[in-house]
Amino acid sequence: RNLQGDGGITAFRFGLAHRYKDLAFGLGADFLFGTLTHSQSLLFLSQTGSHDAYLTDQQHIKGLRPVFGFQYQGTLNQKQVRADENSRKNILGAGLQLHIPTNYKASYSAIHLTRYDEFSVGNVSDTILNISEQETTGGFPFSIRAGLQYLHQEKSGWVIDFQYDAWASQQLPQGLSGAYADALGLSLGGWYRQGRHPYDP
């Protein structure tokens, strides 16, 4: 049994945002498009007179996915910075991004066939399924992204990001078998540098 998957989804994002003091909010959309191809072959190499199976399924996907975003960035030692211009800032930032569940359009194509190959008979193919660009639909899930970062006097910082995608509530489009599962992600990171300028210690 040989399985192969090809393709991918490309996202093009556009949006607008506005900042008021330490808080910013924005509205945008992701335009997603691409092609996914799944191929499978089942070959009985040790059996003469067997019926081998060949399946190819292809999805062309395109859709628009709205996104809302909020971001906060504030200086924790603002009084110290105002009093001393040489003081470096301690900055706290937080962000939240929400994707609204929407449907997308898909075009489904498939060719499923069996092939009987025997020396005395020759090669005989039988088409089981033949679909060309049949219109169907799928769904993008509700998703949330949240992040928190802290920058200490431009010398060090850390960041934590969380994401959740509610895929389990979505149904698979025609031509795909199985079921979706929710996705969770957690990222941690940090950095440190000795000085902002070459002459710093």
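Just above, that's the structure.
A short tour of the structure in this document, coming up. Computed from a predicted structure; not experimentally measured.

**Details of the pairing of strand β7 (residues 143-152)**
Point 1. Where strand β4 (residues 90-99) lies against β7, 10 bridges are found, and the strand directions are antiparallel. For Asn90, the partnering residue across the bridge sits in β7 and is His152.
Point 2. As paired elements, β7 and strand β8 (residues 156-165) share 10 bridges and run antiparallel to each other. In the sheet register, Ala146 faces β8, and the bridge partner there is Phe162.
Point 3. Counted between consecutive antiparallel strands, the loop separating β7 from β8 contains 3 residues, among which Gln153 sits at a positive phi close to 50°.

**Regarding the pattern of salt bridges**
Pairing of side chains with opposite charge becomes possible as their charged atoms draw close.
Point 1. Per the counting criterion, the structure on display carries 2 salt bridges.
Point 2. The partner of Arg13 in a salt bridge is Asp30, and the shortest N-O contact between them spans 2.6 Å. A residue pair is termed long-range when its members are at least 10 positions apart, and Arg13 in strand β1 (residues 2-20) and Asp30 in strand β2 (residues 23-42) qualify at 17 residues.
Point 3. By relative accessible area, Asp30 is classed as buried at 6%.
Point 4. With a closest N to O distance of 2.9 Å, Arg145 and Asp165 form a salt bridge. With a gap of 20 residues between them, Arg145 in strand β7 and Asp165 in strand β8 connect regions that are remote in the sequence.
Point 5. Arg145 sits in the partly exposed class, given a relative accessible area of 24%.
Point 6. Looking at Asp165, the relative accessible area reads 7%, which means it is buried.

**What about the pairing of β8?**
Point 1. Bridging between β8 and strand β9 (residues 183-192) involves 10 bridges; their strand directions are antiparallel. When the sheet's bridge partners are listed, Ser156 is paired in β9 with Tyr192.

**Let's talk about the environment of Arg1**
Point 1. If you trace the backbone, Arg1 turns up in the segment before β1.
Point 2. Exposure remark for Arg1: the relative accessible area of 62% places this residue in the exposed category.
Point 3. With sequence-adjacent residues up to four places away left out, Arg1 is seen in contact with Gln40, Ser41 and Leu42.

**Examining the side chain of Asp57**
Point 1. Mapped onto the secondary structure, Asp57 falls in strand β3 (residues 51-75).
Point 2. No salt bridge is formed by the buried Asp57. Its closest oppositely charged neighbour is Arg1, at 11 Å.
Point 3. A distance of 2.6 Å separates the side chain of Asp57 from the side chain of Tyr108, its partner in a polar contact.
Point 4. A distance of 3.2 Å separates a polar atom in the side chain of Asp57 from a polar atom in the side chain of His112.
Point 5. If we skip the residues at most four places from it in the chain, Asp57 touches Leu36, Thr37, His38, Tyr108, Ser109, Ala110, His112 and Gly175.

**Description of the environment of Gly147**
Point 1. Secondary-structure assignment places Gly147 in strand β7.
Point 2. Distance in space between the C-alpha atoms of Gly147 and Ala94 is 5.6 Å, their sequence separation being 53 residues.
Point 3. Those residues in contact with Gly147 that lie beyond four places of it in its chain are Gly93, Ala94, Gly95, Ile160 and Asp161.

Calculation criteria
Each chain has its residues counted from 1, following the order in which its sequence is written. Local features in a predicted model are, by the rule used here, given only for residues with pLDDT of at least 70; side-chain atom pairs are given and counted only at 80 or more, and totals for whole chains, interfaces and linings are based on all residues. Processing note: side-chain calculations cover all non-hydrogen atoms of the structure and skip hydrogens and water entirely. Note: two strands are recorded as paired if DSSP finds a minimum of 2 bridges between them. Secondary structure elements are defined from DSSP: runs of H or I of at least 4 residues count as helices, runs of E of at least 2 residues count as strands, and each element is numbered from the N terminus. By convention in these notes, a salt bridge is any Lys or Arg side-chain nitrogen within 4 Å of a carboxyl oxygen on Asp or Glu. Classification of residues uses two cut-offs on accessible area relative to the type maximum, computed with a 1.4 Å probe and protein chains only: under 20% is buried, over 50% is exposed, and between them is partly exposed. Two residues form a contact once any of their heavy atoms are found within 4.5 Å. Asp and Glu are treated as the negative residues and Lys and Arg as the positive ones, with His and the ends of the chain left uncounted. Side-chain atoms alone can form a polar contact between residues adjacent in sequence; in general such a contact is a pair of N or O atoms within 3.5 Å, and within protein one must be able to donate a hydrogen while the other accepts it.

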